[in-house]
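# Fold and contact review
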Amino acid sequence: MTVDFNIDKDAVMTEVAQTTSYTGDKMQGDDAAYDRIFTTEEDRSQLERFWNECCTDVCEVLKNVLGDSSVDASGFHLRLELNASWDPKLQRPMEKELFSYFVTAIAGKWFVFTNKEEAADYAKGAQSFIEGVHRKAVFKRKPTRPVY
């Protein structure tokens with residue numbers, strides 16, 4: 001069974017900006033936190049590097065079921081060759097989890113530079129999301145006995 005996923009790069013980057021903005025705004029006792037943590041257009045090249053690293057990481061984790069992948073200006077496109085017993089109801093949750101992986105991983109990588117206290121938590125969160133995607137990709141429905 002072939003399943004396609006598309007992760008919108010602009011949507012991910014917008015969510016990363018919201019996450020870093022919120023985090024910087026809520027830091028207590030550090031007046032410079034917002035300016036240091038919030039991502040701006042000037043940070044785009046670094047965030048682009050993190051985006052590409054995440055695309056590579058997804059391909060690595062899903063290499064056993066990877067049919068094809070590509071990256072272009074609009075986003076990351078992934079084609080998986082899944083078992084015939086795979087449950088198609090998992091496609092939407094997988095796509096949402098992939099999106100969350102990208103946002104959390106990129107924010108975590110950014111926080112290594114700007115907010116070291118939370119970087120490890122974001123890395124753990126990203127790892128959890130990508131493991132969830134992998135579990136869903138290799139899931140097989142239980143066989144059912146035919147009814148005659």
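Rules behind the numbers
Residues numbered from 1 in each chain as written. Predicted model: local features only at pLDDT ≥ 70, side-chain atom pairs only at ≥ 80, totals over all residues. Heavy atoms only, no water. Phe/Tyr/Trp six-rings, centres within 6.5 Å; stacked < 30°, edge-to-face > 60°. Helix = DSSP H or I, 4+ residues; strand = E, 2+ residues; numbered from the N terminus. Buried < 20%, exposed > 50% of the residue type's maximum accessible area, 1.4 Å probe, protein only. pLDDT = per-residue confidence, 0-100. Pairing = 2+ DSSP bridges. Expected span 1.5 Å × (residues − 1). Contact = heavy atoms within 4.5 Å. Axes fitted to C-alpha atoms, helices over the stretch in contact; angles between N-to-C directions.

## Focus: the packing of aromatic side chains
This model, assessed by the stated rule, comprises 7 aromatic pairs. Aromatic side chains F50 and F113 sit 6.0 Å apart centroid to centroid with 25° between the ring planes, which places their arrangement in the stacked category. Of this pair, F50 sits in helix 3 (residues 44-61) while F113 sits in helix 4 (residues 91-114); the two residues are 63 residues apart in sequence, bridging distant segments of the chain. Judged by centre distance (4.7 Å) and plane angle (40°), the ring pair of W51 and F102 falls under tilted. Of the two residues, W51 sits in helix 3 while F102 sits in helix 4, which places them 51 residues apart along the sequence. Judged on exposure class, the residue W51 and its partner F102 are both buried. Ring pairing ties together the aromatic residues W51, F76, Y101 and F102, which thus form one cluster.

## Some points on the confidence of the model for the protein
Averaged over the protein, the pLDDT score is 94; the fraction of residues at 70 or greater is 100%. Element-level mean pLDDT values for the protein span from 85 in helix 2 (residues 33-37) up to 98 in strand 3 (residues 75-81).

## Observations concerning the pairing of strand 2 (residues 66-72)
Relative to strand 3, strand 2 is paired through 6 bridges, and the arrangement is antiparallel. In the strand pairing of strand 3, S69 is matched with L78. In textbook terms, the turn of a hairpin is the stretch between consecutive antiparallel strands, and for strand 2 and strand 3 this stretch comprises 2 residues.

## What about helix 5 (residues 116-138)?
Across its 23 residues, helix 5 extends 34 Å between first and last C-alpha, which sits within 8% of the 33 Å expected from 1.5 Å per residue. When helix 5 is considered as a whole, its buried residues turn out to be A119, Y122, A126, I130, G132, V133 and A137. In this structure, the buried side of helix 5 is in contact with helix 1 (9-26), helix 3 and helix 4.

## Section: the sheet that holds strand 3
Overall, antiparallel pairing links the 3 strands, which are arranged 1-3-2 in an open sheet. Each end of this open sheet is capped by a strand with a single partner; those strands are strand 1 (2-8) and strand 2. Sheet twist, expressed as the average angle between the axes of neighbouring strands with direction ignored, equals 10°. Bridge count for strand 1 against strand 3 is 7 bridges, and the pairing is antiparallel. Across the sheet, the residue bridging to D4 is R79, located in strand 3. Helix 1 contacts strand 1 and strand 3 of the sheet and is inclined by roughly 50° relative to strand 1.

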